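Here's the letter readout for the chains.
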Amino acid sequence: MTDLHDLTNTLTARVGADRESLVELCAALVAAPSVNPPGDTREVAGVVTSALAARGLESSLHRIDDLMPSVLAELDSGRPGPHLVLNVHLDTMPPGLQDDWTVPIWQLTRTGGRLYGLGMGNMKGAVGAMLHAFGLLHELRDRWIGRLTFTAVSDEVVFGDNGAAFLLRTRPDLIGDGLICGEGPGFRRLAVGEKGVLWLRVGAVGEAGHSSSVRAGRSATARLAAAVGLIDELNGHRGTLPPELGELAGERSGGYGEHAVHAEHGEPGLELTANVGTVHAGTFVGQVAVDGAAEVDLRLPPGISADAAEHLVAAVLAPIEGVSVSRIKGWDPNWTPTASPLVRCWDEVATQISGQRSPYAIRLPASDASRWRRHGVPAVCFGPQPTFSAGVDDYAEEDEVLRCVVLYAATALRFLQP
């Protein structure tokens, strides 16, 4: 532990001395719009490749869509050992209504210990921190064994296939032995797992006719409305905690200090959510709608598989005549056991830096970590995102961005120790 104490102190001092350059990097990342859709990451990928080159690191661009390049950089110690992947994404959520913002959207605002700008929470703050950590690990390459890969991918925000999915399909050697993803679950927690995703199409058909002759419950819109109401009632269904995530329960799931999680029914990662994202029906106000459809997004906690959730929706909607359910896409909830060596390495480092381990969590939105977990790779998510998800006046705490650099670098050194 003395070695770890010295290591984290050295890294903390080094990162503190590089504070201004890290803030400048975050400013350049924010100033490069990469909203998805449309998901154009060309400009922000250029910022990343230039920053890597400034640190003496080579990188390459990989794309299936010309608008969506991903950045890949690799380090090999020259000594046999594990392969650790450091993963971030370059695209961001849309800003919403610009008039709701009190700070510039595409310009970094540094005030009150915070760094504001679109993507700082999700997840350009983590991009800057992980890139900086990768540079430090390059300088300290005599201190670790095995391989390191840095992936800054596109098309993550909409679960697209042009980023991490494309890399893993064309470069199976990137699967590795462990992954640290910069997706923060919020509140300084460590996501050892994440909810599954299930997108469904709920179709409805009805009787044709003029609106003056419609009968109750016989139009496609009426049937669709009934289905939407029943789907909304599925919110709050609880999953079950698997034994290998037993430490998620209790006080460790709640965050700490000003970052405590205030959830009405406990750990929100164990609750199913069902959101009807789109509804379409009918062609003209004076005619009975003969068909319609709704698209539904369900986020699945451990204990509720995609198949089980689809069957649940179908069973709930079965009494409504003329309604059908079909799957758009989906995958099961996934997690890494808390006894995993990667999690334990993180725990040791976090305890050394902060005096206590990062509270464990199930991440609410999906991340690219799930793509690696499907290959059996242990994966954790942590980043400077302060709350559950980014929104208006998106920000990250400046000191937390710096702390993430130390957490990423020190955990990598611990995981790849000789």
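Computed from a predicted structure; not experimentally measured.

Just checking my understanding: could you explain the overall build of the protein for this structure?
When helices and strands are tallied, the protein shows ten helices and 16 strands. Against the 2.2 N^0.38 benchmark of 22 Å for 418 residues, the protein shows a C-alpha radius of gyration of 23 Å, consistent with a compact globule. In the protein, buried positions account for 54% of the 418 residues. Summarising the internal contacts of the protein: among those between residues at least 6 apart in sequence, 81% fall at separations of at least 24. When the accessible surface of the protein is summed, it comes to about 16,900 Å², and 53% of that surface belongs to carbon and sulfur atoms. One finds the centroid of the 34 positive side-chain charges in the protein at a distance of 2 Å from the centroid of its 50 negative side-chain charges.

Whenever I open this one, the nonpolar core confuses me. Can you help?
As a rule of thumb, soluble globular proteins bury nonpolar side chains together. Core analysis: the biggest nonpolar cluster contains 71 residues, and Val-48, Leu-148 and Phe-150 have the highest contact counts within it. For this core, the leading source of residues is helix H10 (residues 398–415), giving twelve residues. Look past the residues within four positions of Val-48 in its chain and what remains in contact with it is Leu-29, Val-71, Leu-90, Val-127, Leu-131, Phe-150 and Ala-152. By size, the runner-up hydrophobic cluster in this structure holds 23 residues, among which are Leu-272, Val-296, Leu-298 and Leu-300.

Before we go on, may I ask you to explain helix H8 (residues 341–354) in this structure?
Taking 1.5 Å per residue, 14 residues should reach 20 Å; H8 reaches 20 Å between its end C-alpha atoms and fits that length. All buried positions along H8 are accounted for by Leu-342, Val-343, Cys-345, Trp-346, Asp-347, Val-349 and Ala-350. Just past H8, the residue Gly-355 takes up positive phi, approximately 90°.

In this structure, what is going on with the sheet that holds strand S5 (residues 114–116)? I would like to understand it.
Backbone hydrogen bonds are what pair the strands of a sheet, in a parallel or an antiparallel way. Pairing within the open sheet is antiparallel, and its three strands lie in the order S4-S5-S16. The open sheet has two edge strands, strand S4 (109–111) and strand S16 (395–397), and neither has a second partner. For this sheet, the mean inter-axis angle between neighbouring strands, taken without regard to orientation, is 20°. Examined bridge by bridge, S5 and S16 share three bridges and lie antiparallel to one another. If you follow Tyr-116 over to S16, its bridge partner there is Tyr-395. Against the sheet, H10 contacts S4, S5 and S16, and its axis sits at roughly 70° relative to S16.

Even after reading the chapter, I still don't get the side chain of Arg-299, so can you show me in this structure?
Locating Arg-299 in the fold gives a position in strand S11 (residues 291–300). On the accessibility criterion, Arg-299 (15% relative accessible area) is buried. Within the local environment of Arg-299, its side chain forms a polar contact with the side chain of Asp-297, the two groups lying 2.7 Å apart. Those residues in contact with Arg-299 that lie beyond four places of it in its chain are Phe-159, Lys-195, Gly-196, Val-197, Glu-271, Leu-272, Thr-273, Leu-364, Pro-365 and Ala-366.

How do you make sense of the sheet that holds strand S9 (residues 196–205) when you look at a structure like this?
The strand order S10-S11-S9-S12 describes an open sheet built from four strands, whose pairing is antiparallel. Strands at the two margins of the open sheet, each flanked by one partner only, are strand S10 (273–281) and strand S12 (323–331). In this sheet, neighbouring strand axes are inclined to one another by 20° on average, regardless of whether the strands run parallel or antiparallel. Where S10 meets S11, eight bridges bridge the pair, whose relative direction is antiparallel. For Ala-281, the partnering residue across the bridge sits in S11 and is Gly-292. The strands that helix H7 (residues 306–317) touches are S9, S11 and S12; relative to S12, the one it contacts most, it runs at about 165°.

Got a minute to help me understand the packing of helix H4 (residues 120–139) against H10 in this structure?
Geometrically, a packed helix pair is captured by the angle between its two axes and the distance between the axes. The N-to-C vectors of H4 and H10 enclose an angle of 45°; their axes lie 8 Å apart at closest approach. Considering their axes alone, H4 and H10 lie oblique with respect to each other. Crossing angle aside, the handedness with which H4 passes H10 is right-handed. Facing Met-120, Gly-125, Ala-126, Ala-129, Met-130, His-132, Ala-133, Leu-136 and Leu-137 of H4, the residues of H10 in contact are Val-401, Cys-404, Val-405, Tyr-408, Ala-409, Ala-412 and Leu-413. Considering only residue class, the contact of H4 with H10 consists of 14 nonpolar, two polar and no charged.

Would you take a moment to explain H10 for this structure?
Think of an α-helix as turning once every 3.6 residues; residues three or four places apart then point the same way. Compared with the 26 Å implied by 1.5 Å per residue over 18 residues, the 26 Å span of H10 between its first and last C-alpha is a close match. In terms of burial, H10 is a largely internal element, 17 of the 18 residues being buried.

What is the right way to read the environment of Gly-39 from this model?
With respect to the helices and strands, the residue Gly-39 is situated in the loop between helix H2 (19–30) and helix H3 (42–54). Measuring from C-alpha to C-alpha, the distance between Gly-39 and Gly-330 comes to 21 Å, with 291 residues separating the pair along the chain.

Rules behind the numbers
Residues numbered from 1 in each chain as written. Predicted model: local features only at pLDDT ≥ 70, side-chain atom pairs only at ≥ 80, totals over all residues. Heavy atoms only, no water. Helix = DSSP H or I, 4+ residues; strand = E, 2+ residues; numbered from the N terminus. Rg over C-alpha atoms; globule rule 2.2 N^0.38 Å. Buried < 20%, exposed > 50% of the residue type's maximum accessible area, 1.4 Å probe, protein only. Contact = heavy atoms within 4.5 Å. Areas by Shrake-Rupley, 256 points an atom, 1.4 Å probe, with all protein chains shown as cover. Lys, Arg positive; Asp, Glu negative; His and termini not counted. Charge placed at Lys NZ, Arg CZ, Asp CG, Glu CD. Core = buried A, V, L, I, M, F, W, Y, C linked by side-chain atoms within 4.5 Å. Expected span 1.5 Å × (residues − 1). Pairing = 2+ DSSP bridges. Axes fitted to C-alpha atoms, helices over the stretch in contact; angles between N-to-C directions. Polar contact = N/O pair within 3.5 Å; in protein donor to acceptor, adjacent residues only side chain to side chain. Parallel < 35°, antiparallel > 145°, perpendicular 65-115°, else oblique. Left-handed = near helix turned anticlockwise from the far one by under 90°. Nonpolar A, V, L, I, M, F, W, Y, C, P; charged D, E, K, R; others polar.

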